[in-house]
Amino acid sequence: MKLPDKIGTLEEAVSCIGDGASVMIGGFGVPGTPFTLIRELVRQGPRDLTIIKNDANEADMGVDHLLVSGQVARLVTTHIGLNPRAIAMMNAGEIEVEFNAQGILAERIRAGGAGLGGILTDIGIDTELANDKQRINVDGKAFIVESALRADVALVHADRADPFGNLAFAATARNFNPLMAMAAARVIAEAEQLVPLGDLNADDVHTPGPFVDELVVLNELSEEYAVVQR
Amino acid sequence: MKLPDKIGTLEEAVSCIGDGASVMIGGFGVPGTPFTLIRELVRQGPRDLTIIKNDANEADMGVDHLLVSGQVARLVTTHIGLNPRAIAMMNAGEIEVEFNAQGILAERIRAGGAGLGGILTDIGIDTELANDKQRINVDGKAFIVESALRADVALVHADRADPFGNLAFAATARNFNPLMAMAAARVIAEAEQLVPLGDLNADDVHTPGPFVDELVVLNELSEEYAVVQR
Amino acid sequence: MVARAADEIAPGMVVNLGIGLPTKVVDHLGPDFPVCLHTENGLAGIGPTHPPETADRNLIDAGGAYVSTIPGSAFFDSAVSFALVRSGRLDLTMLGAFEVSQHGDLANWKIPGKFSPGAGGGIELAQKARRVIVLTTHTDRAGNPKLKEACSLPITARGCVARVFTDMGVIDVTDTGFALVEIAQGITPAEITEATGAPLALPKGDIPTF
Amino acid sequence: MVARAADEIAPGMVVNLGIGLPTKVVDHLGPDFPVCLHTENGLAGIGPTHPPETADRNLIDAGGAYVSTIPGSAFFDSAVSFALVRSGRLDLTMLGAFEVSQHGDLANWKIPGKFSPGAGGGIELAQKARRVIVLTTHTDRAGNPKLKEACSLPITARGCVARVFTDMGVIDVTDTGFALVEIAQGITPAEITEATGAPLALPKGDIPTF
């Protein structure tokens, strides 16, 4: 009895994403964005994608490449203020954008990963974000129903991984990654470093291996991670 | 700028629990049960308590002391099969017992800790556990509404803690502890070992300090943790 | 029966085995067999059990047995543990039963007035594991069938059971009810049909034995 | 203004400061002042910012600034980060504003037709922090009041703002509307009243200045 091996190739891992697929992509700004998996998704070129990601990165980075290539039909996000192209495409009707409060997007994804139907919250209940959303009273208090989010595929970026797919994230590169790594039918992780089984302390694993379907070990790190000179 | 210190005494920490309080208690079986905090709760003697705990421990251990002392009015739990006294008191009407599916109890507590109103699930929808529970349809599918659970106080047991209340749990002693450590108005942690600020790797903290109100460092470990000879 | 049940575990699966079963089933898998054993109190990658002398007081399975880790094991909290179950990451679970109906309904947590300790994690395992296998005696202590047209006890989950292993045979739950797959050595088709409380379809030709 | 705003931070608080503010406010707190700075992208215990040469590419705050840790910092995922906010563990947040109403309603995320990048984490910070303080210019670029009887822009959260710091004064939101607490040096009560788009109650006696 030993734990199964999930190491695959970049091309093969991404090939499961077809036209019309929904794809969760980890990252908050640069940290934790799976730039190599995104580049391969651009290279393979499936279209009409629904992308679920906290933000739209910045010009010429990450999700922006998918916008340039015209592969995105819909973006489920929280804030795209740092990507003028995303805003322009939204305003021109070239992509549909659904905005969520940031912690509610996190909770909807987590609910999907936890096999729940949704969550009840009062966040945004007085705002236009609550328009057209189902409401319910529990113990005399009004809540909005926020449905669980799942995707066909999740692309996440880990700092370290073992062959079973146990993942550890670095610093604020964690963000949405462990949530998305539970919420897709197929979870693909890229990792900066492959470590042998047993090297990650069992108490310190951030995403347990059973949630991960395929592991892509990065040969080199995308230059998009470089510290920005502002 | 430095992080605040939360170390307190056992007596003072538990003194916030008055008659009629709701108290979450970590642990699954023996591992992770805060035996020292429970013993102090017995010593101080507040009555008419609602206890929220996965199980009722076994005879002469943990929660059982609170049953013996007659301090428990209500028990919210998942399984009490290893404590004949709890079953007898339930059958005699001496305590009220509310059973939850185990993962749903975990999610209700987590929802409380996440500031949500509740969750939607189909777990138990065909069973008597769903009787009298509110139902809702989302995207054409039927779900049960499970309300969020919060308590006046949570008692948790950590392996290591720093003075700010960052907690790390050991092995399967984690269980309900990090969930409860988010879900109470006042969170009290007992820790086997106090480490200096910075000794816990920032990536490996299980419960971040902002959730913890008071830290009790254990001078000696309760004999109730001893490995059972079966 | 346990040896035969171990055959249900395919390479690469994530599996949750009922109380007491893991060690017994695991003994029938080779040292290089790729599988991940899950226990709902927060561990993926259960290793061998320990005698008290070498046990870790913080490391138990959901049945309270002192277990160990293997290279690549991971601990997590109770919410993550059941997230794994409910979101479809658990390929297989093996559970005990008081009753199984011909529609695959399972009753295994409560006998009103006699036994009601709470369902623990059983409802989620039964309702959400991708495949649920029941291991049980064919009849109860009084000799009454456990396989029935309908459950009389409070159910754990509806339509969840795929296959039942008993001391008398291996029975599948199909769209048309119970179907015998294999029969225990020394048991006749008439005996197992008699001991089953619902119609039992027999395979055509020879019945495999175990 | 920033120095005065730093006085709002009491020892032991957990605080989330808007983009760009943390460094500025933190400079006014002593090295031994006990406080925990939170950023919604997953860190409690923000340390000093770094220039690009020494920055960690994986360690930013929610505004994208390269920050650092201090002894006792902890990282967590986005769900835990907002769990902290929504469950009442955030004692104080300081936010910017387009408009604040005399009832404490805040509008700071959208100008229909002009600016709609999404609210990010702003709604939860505004709605759930135990105390919300707004730092803003007293009027917009066209000279129109930002403090109004009612917000004309889409609101972020209702009744959330406790106090507003502007270049002209410190104003509390009370049950009966705006109340001047302090006034900037060189500004007269008539000037700040004129620049405020709702009734402004003046304190009795001398008005403290900052």
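Here is a short report on the structure shown in this document. (Residues numbered from 1 in each chain as written. Chains lettered and ligands numbered in written order. Predicted model: local features only at pLDDT ≥ 70, side-chain atom pairs only at ≥ 80, totals over all residues. Heavy atoms only, no water.)

Before going further, it helps to spend a moment on the overall build of chain C. The helix and strand tally for chain C stands at five helices and 13 strands. Scaling as 2.2 N^0.38, a compact globule of 210 residues should have a C-alpha radius of gyration of about 17 Å, and chain C matches this with 18 Å. Projecting the C-alpha coordinates of chain C onto the three principal axes gives extents of approximately 50 × 40 × 35 Å. Counting all 210 residues of chain C, 59% fall into the buried class. The long-range fraction of contacts in chain C, counting pairs at least 24 apart against all pairs at least 6 apart in sequence, stands at 60%. Split by element, the accessible area of chain C, about 8,200 Å² in all, is 52% carbon and sulfur. In chain C, which carries 16 positive and 22 negative side-chain charges, the distance between the mean positions of the two groups comes to 7 Å. (Helix = DSSP H or I, 4+ residues; strand = E, 2+ residues; numbered from the N terminus. Rg over C-alpha atoms; globule rule 2.2 N^0.38 Å. Buried < 20%, exposed > 50% of the residue type's maximum accessible area, 1.4 Å probe, protein only. Contact = heavy atoms within 4.5 Å. Areas by Shrake-Rupley, 256 points an atom, 1.4 Å probe, with all protein chains shown as cover. Lys, Arg positive; Asp, Glu negative; His and termini not counted. Charge placed at Lys NZ, Arg CZ, Asp CG, Glu CD.)

With that settled, consider the interface of chain A and chain D. Contact with chain A, which involves 42 residues of that partner, is made by 37 residues of chain D. When chain A packs against chain D, the two sides together hide about 3,200 Å² of surface, and 58% of this comes from carbon and sulfur. Connecting chain A to chain D are four salt bridges. Here Glu-192 of chain A makes a salt bridge to Arg-57 of chain D, at a shortest N to O gap of 2.7 Å. Counting every contact that joins chain A to chain D gives 19 residue pairs in polar contact (both at pLDDT 80 or more). Residue assignment for the side of chain A that touches chain D shows that the elements contributing at least two residues are α4 (84-91), α5 (102-113) and α6 (177-180) of chain A. The greatest single-element share of the side of chain A that touches chain D, amounting to six residues, is contributed by α5 of chain A. The residue makeup of the side of chain A that touches chain D, split by class, is 23 nonpolar, eleven polar and eight charged. (Buried area = accessible area lost by both parts, 1.4 Å probe. Salt bridge = Lys/Arg side-chain N within 4 Å of Asp/Glu carboxyl O. Polar contact = N/O pair within 3.5 Å; in protein donor to acceptor, adjacent residues only side chain to side chain. Nonpolar A, V, L, I, M, F, W, Y, C, P; charged D, E, K, R; others polar.)

This part takes up the pattern of salt bridges. Applying the stated criterion across every chain yields a total of 54 salt bridges over all chains. Where Arg-74 of chain A meets Glu-98 of chain A, a salt bridge forms, and the shortest distance between an N and an O atom there is 2.5 Å. Note that Arg-74 of chain A is positioned in strand β3 (residues 72-77) and Glu-98 of chain A in strand β4 (residues 96-99), a separation of 24 residues in sequence. Its relative accessible area of 23% is what places Glu-98 of chain A among the partly exposed residues. What emerges from the salt-bridge pattern is a single network uniting Arg-4, Glu-8, Arg-131, Arg-163, Asp-172 and Glu-182 of chain C.

This part covers the interface of chain C and chain B. In many analyses, interface size is given as the accessible surface area lost on bringing the parts together. Opposite the 37 residues of chain C that make contact, chain B presents 42 residues. For the pair chain C and chain B, the two sides together bury roughly 3,200 Å², of which 59% comes from carbon and sulfur. Sorting the residues of chain C by area buried against chain B places Arg-57, Asn-58 and Pro-117 of chain C first, and these three jointly supply 20% of that buried surface. Applying the counting criterion to the chain C and chain B interface returns four salt bridges.

This paragraph deals with empty space enclosed by the protein. A full pass over the atoms with the stated rule returns four cavities of 30 Å³ or more. Along the walls of the largest cavity sit 31 residues, with Arg-174 of chain A, Asp-77 and Val-80 of chain C together with Asp-77 and Val-80 of chain D positioned nearest its centre. Listed by contribution, the elements that provide at least two residues to the lining of the largest cavity are α6 of chain A, α6 (177-180) of chain B together with α3 (78-86) of chain D. Classifying every residue of the lining of the largest cavity gives 18 nonpolar, three polar and ten charged. (1 Å grid on protein atoms, 1.4 Å probe; cavity = no way out; pocket = protein on both sides within 12 Å on 5 of 7 lines; lining within 4 Å. Points joined across faces, edges and corners; volume = space filled by probe spheres on them.)

With that out of the way, let us pick up the sheet that holds strand β9 (residues 147-148) of chain C. All names here are of chain C. Taken together, three strands build an open sheet; the order of strands is β7-β6-β9 and the sheet is mixed. Single-partner strands in this sheet number two, and they are β7 (106-107) and β9. Examined bridge by bridge, strand β6 (residues 99-101) and β7 share two bridges and lie antiparallel to one another. Across the sheet, residue Val-100 finds its bridge partner in β7, namely Leu-106. (Pairing = 2+ DSSP bridges.)

The next subject is the packing of helix α5 (residues 102-113) of chain B against helix α3 (residues 78-86) of chain C. Between α5 of chain B and α3 of chain C, the least distance of the axes is 9 Å, while the angle of their chain directions is 125 degrees. With respect to each other, α5 of chain B and α3 of chain C are oriented oblique. Along this stretch, α5 of chain B crosses α3 of chain C, giving a crossing that reads as left-handed. Facing α5 of chain B, whose interface residues are Gln-102, Gly-103, Ile-104, Ala-106, Glu-107 and Arg-110 of chain B, α3 of chain C presents Ser-78, Ala-79, Phe-82 and Arg-86 of chain C. Of the residues that constitute the contact of α5 of chain B with α3 of chain C, the class distribution is four nonpolar, three polar and three charged. (Axes fitted to C-alpha atoms, helices over the stretch in contact; angles between N-to-C directions. Parallel < 35°, antiparallel > 145°, perpendicular 65-115°, else oblique. Left-handed = near helix turned anticlockwise from the far one by under 90°.)

On to the environment of Ser-22 of chain B, then. Residues and elements named next belong to chain B. Within the secondary structure, Ser-22 sits in strand β1 (residues 22-25). Not counting the four nearest positions on each side in its chain, Ser-22 is found in contact with Thr-50, Arg-150, Ala-151, Asp-152 and Val-153. Looking at Ser-22, its side chain comes within polar contact range of the main-chain nitrogen of Asp-152, at 2.9 Å.

A few words on the side chain of Glu-107 of chain A. Its place among the elements puts Glu-107 of chain A in helix α5. When its relative accessible area of 1% is taken as the criterion, Glu-107 of chain A is described as buried. If we ignore the near neighbours within four places in the chain, the residues touching Glu-107 of chain A are Ile-119 of chain A, Arg-110, Ala-114 and Leu-116 of chain B together with Ala-79 and Arg-86 of chain D.

Note that Asp-77 of chain C resides in the loop between β4 (68-75) and α3. Buried charge without a salt bridge: Asp-77 of chain C, with Arg-174 of chain B as the nearest opposite-charge side chain at an N-O distance of 5.5 Å. Polar contacts involving the side chain of Asp-77 of chain C include one to the main-chain amide nitrogen of Ala-79 of chain C, which spans 2.9 Å. Side-chain polar atoms of Asp-77 of chain C contact the backbone nitrogen of Val-80 of chain C, separated by 2.8 Å. Not counting residues up to four positions away in its chain, the partners in contact with Asp-77 of chain C are Arg-174, Asn-175, Pro-178 and Leu-179 of chain B.

Another aspect to go through is the packing of aromatic side chains. Throughout the structure, instances matching the rule amount to four aromatic pairs over all chains. Ring centres of Phe-35 of chain A and Tyr-225 of chain A lie 4.7 Å apart, and the angle between their planes is 70 degrees; this geometry places the pair in the edge-to-face category. Residue Phe-35 of chain A is found in helix α2 (residues 35-44), and its partner Tyr-225 of chain A is found in the segment after β11 (214-217); the two are separated by 190 residues along the sequence. Each member of the pair, Phe-35 of chain A as well as Tyr-225 of chain A, is classed as buried. Their ring planes at 80 degrees and their centres at 5.8 Å tell us that Phe-98 of chain D and Phe-115 of chain D sit as a pair that is edge-to-face. One end of the pair, Phe-98 of chain D, is in the loop between β5 (92-95) and β6 (99-101); the other, Phe-115 of chain D, is in the loop between β7 (106-107) and α4 (122-128), with 17 residues separating them in the sequence. Given a relative accessible area of 24%, Phe-98 of chain D falls into the partly exposed group. Over the aromatic face of Tyr-225 of chain A sits the side chain of Arg-57 of chain D, whose NZ or CZ is 5.5 Å from the ring centroid. (Phe/Tyr/Trp six-rings, centres within 6.5 Å; stacked < 30°, edge-to-face > 60°. Lys NZ or Arg CZ within 6 Å of the ring centre and 35° of its normal.)

This part is about helix α4 (residues 84-91) of chain B. Given 3.6 residues per helical turn, the α-helix brings residues three or four places apart onto the same face. All names here are of chain B. If you check which residues of α4 are buried, you get Ala-86, Met-89 and Met-90. Each buried residue of α4 sits inside an arc of 100 degrees when the element is viewed along its axis, so together they form one side. For α4, the exposed residues set more than 90 degrees away from the buried face come down to Pro-84 and Asn-91. Summarising the contacts, the buried residues of α4 are in contact with α3 (63-68) and β4 (96-99). Sitting at the amino-terminal end of α4 is Asn-83, which places a side-chain oxygen 2.9 Å from the backbone nitrogen of Arg-85. After α4 finishes, the residue Gly-93 shows a positive phi value of roughly 75 degrees. (Arc of directions from axis to C-beta.)

Paired through backbone hydrogen bonds, the strands of a sheet run either parallel or antiparallel to each other. Residue and element names in this part refer to chain D. Read across the open sheet, the three strands follow the order β7-β6-β9; overall the sheet is mixed. Of all the strands in the sheet, the pair left with one neighbour each is β7 and β9 (147-148). Across two bridges, β6 lies against β9 in parallel orientation. In the sheet register, Ser-101 faces β9, and the bridge partner there is Lys-148.

Inspection of the secondary structure puts Arg-4 of chain D in helix α1 (residues 2-6). Between the C-alpha atoms of Arg-4 of chain D and Phe-210 of chain D, which are 206 residues apart in sequence, the distance is 7.4 Å.

A few words on α5 of chain B. Residue and element names in this part refer to chain B. Between its first and last C-alpha, α5 extends 17 Å over twelve residues, near the 16 Å set by a 1.5 Å rise per residue. Summarising burial for α5: twelve of the twelve residues are buried, a large majority. Trailing α5 by a residue or two, Gly-115 shows a phi angle of about 70 degrees, which is positive. (Expected span 1.5 Å × (residues − 1).)

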